[in-house]
Amino acid sequence: MNQPPLLVATTNPGKLREVRALLRECPIRIVGLDEFPRMPEPVEDAETFEGNARLKAIHYARCSNGWALADDSGLEVDALGGQPGVRSARFAGDVRDDGANNAKVVRLLRGVADAARGARFVCVMALADRDGVKATSSGVVAGRMIDEPRGENGFGYDPHFLVESEGMTAAELGAERKNEISHRGTALRGLLAEIQRLVAG
Ligand code: IMP
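Residues numbered from 1 in each chain as written. Predicted model: local features only at pLDDT ≥ 70, side-chain atom pairs only at ≥ 80, totals over all residues. Heavy atoms only, no water.

So, unusual backbone geometry
Okay, step 1: Cis peptide bonds are those with omega within 30 degrees of zero, and the linkage from Gln83 to Pro84 qualifies with -5°.
Okay, step 2: Along the chain, Pro84 falls in the loop between strand S3 (67–77) and helix H3 (98–108).
Okay, step 3: Of note, the phi angle at Asn65 is positive, near 55°, even though the residue is not glycine.
Okay, step 4: When you line up the elements, Asn65 lands in the loop between helix H2 (49–64) and S3.
Okay, step 5: Of the residues examined, Asn65 reaches a relative accessible area of 54% and is grouped as exposed. (Helix = DSSP H or I, 4+ residues; strand = E, 2+ residues; numbered from the N terminus. Buried < 20%, exposed > 50% of the residue type's maximum accessible area, 1.4 Å probe, protein only.)

A short note on the pairing of strand S4 (residues 118–129)
Okay, step 1: Most of S4 sits out of view: eleven of its twelve residues are buried.
Okay, step 2: In this sheet, S4 lies alongside S3 in antiparallel orientation, the contact comprising ten bridges. Pairing of Val77 across the sheet is with Ala119, part of S4.
Okay, step 3: The hairpin turn running from S4 into strand S5 (residues 132–145), its antiparallel successor, is two residues long. (Pairing = 2+ DSSP bridges.)

Let's talk about the sheet that holds strand S2 (residues 29–32)
Okay, step 1: What the seven strands build is an open sheet, ordered S2-S1-S3-S4-S5-S6-S7; its pairing is mixed. The open sheet has two edge strands, S2 and strand S7 (168–169), and neither has a second partner.
Okay, step 2: Looking at chain direction, S4 and S5 are connected through twelve bridges and run antiparallel. By the bridge assignment, Ala126 is partnered in S5 with Thr136.

So, the site of the ligand
Okay, step 1: Taken together, 17 residues sit near the ligand, with Lys15, Asp158, Lys178, His183 and Arg184 positioned nearest.
Okay, step 2: Within the side chain of Asp158, a nitrogen or oxygen atom sits 2.6 Å from a nitrogen atom of the ligand.
Okay, step 3: With the chains in place, 96% of the 490 Å² that the ligand exposes on its own is no longer accessible.
Okay, step 4: At the level of elements, S3 and helix H5 (183–189) are the ones that each hand at least two residues to the shell around the ligand.
Okay, step 5: Take the shell around the ligand: its biggest share by element is three residues, from S3.
Okay, step 6: Grouping the amino acids of the shell around the ligand by side-chain chemistry returns four nonpolar, five polar and eight charged. (Near = heavy atom within 4 Å. Polar contact = N/O pair within 3.5 Å; in protein donor to acceptor, adjacent residues only side chain to side chain. Areas by Shrake-Rupley, 256 points an atom, 1.4 Å probe, with all protein chains shown as cover. Nonpolar A, V, L, I, M, F, W, Y, C, P; charged D, E, K, R; others polar.)

In structure tokens, the structure reads:
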């Protein structure tokens, strides 16, 4: 069957895996950025997750001349005034480096009591075609930062992010459970009806 394509505009294999799993029931063909090796990257210079998600979705929809789904996500730590926020991917430097980012957060939180280590992952997703953004949705998951990494799953800050309601870090959760409770899962579920209506038709 000829299913309509949806470009899931991320170069992060961890995110692509999560989005594919969540959209597996949807009658559309998920296309990753690997199928567009020459596509230019947008400059993610907005000050909010929503601003970046919107500019990425429009950029990739125009470049691919089709539907694009983009997200912007990150970690907000209360004791760091909401940092790393929109700079989560490159918190420790210009190159994306999960190990260095985690080491920086652990260092900045040295001496901060457990009770003051509240944090959240935030995700905003945007669905666009070449005329502009047609829908957005957001999701949040609350947790607490811990010094010692735990777990092998996931990516990014997951091993240091304790989801207290689960008694596990995000890297100890199975992929399915993470999708059920995660910021990205919540944001994507909020867009499913629009993806069905607009893309799958
Ligand atoms: P983006 O690709 O610009 O949205 O950057 C998101 C960054 O936020 C990632 O590179 C991670 O550092 C962090 N991040 C976002 N979502 C997650 C998650 O589910 N687990 C761990 N880190 C995340």
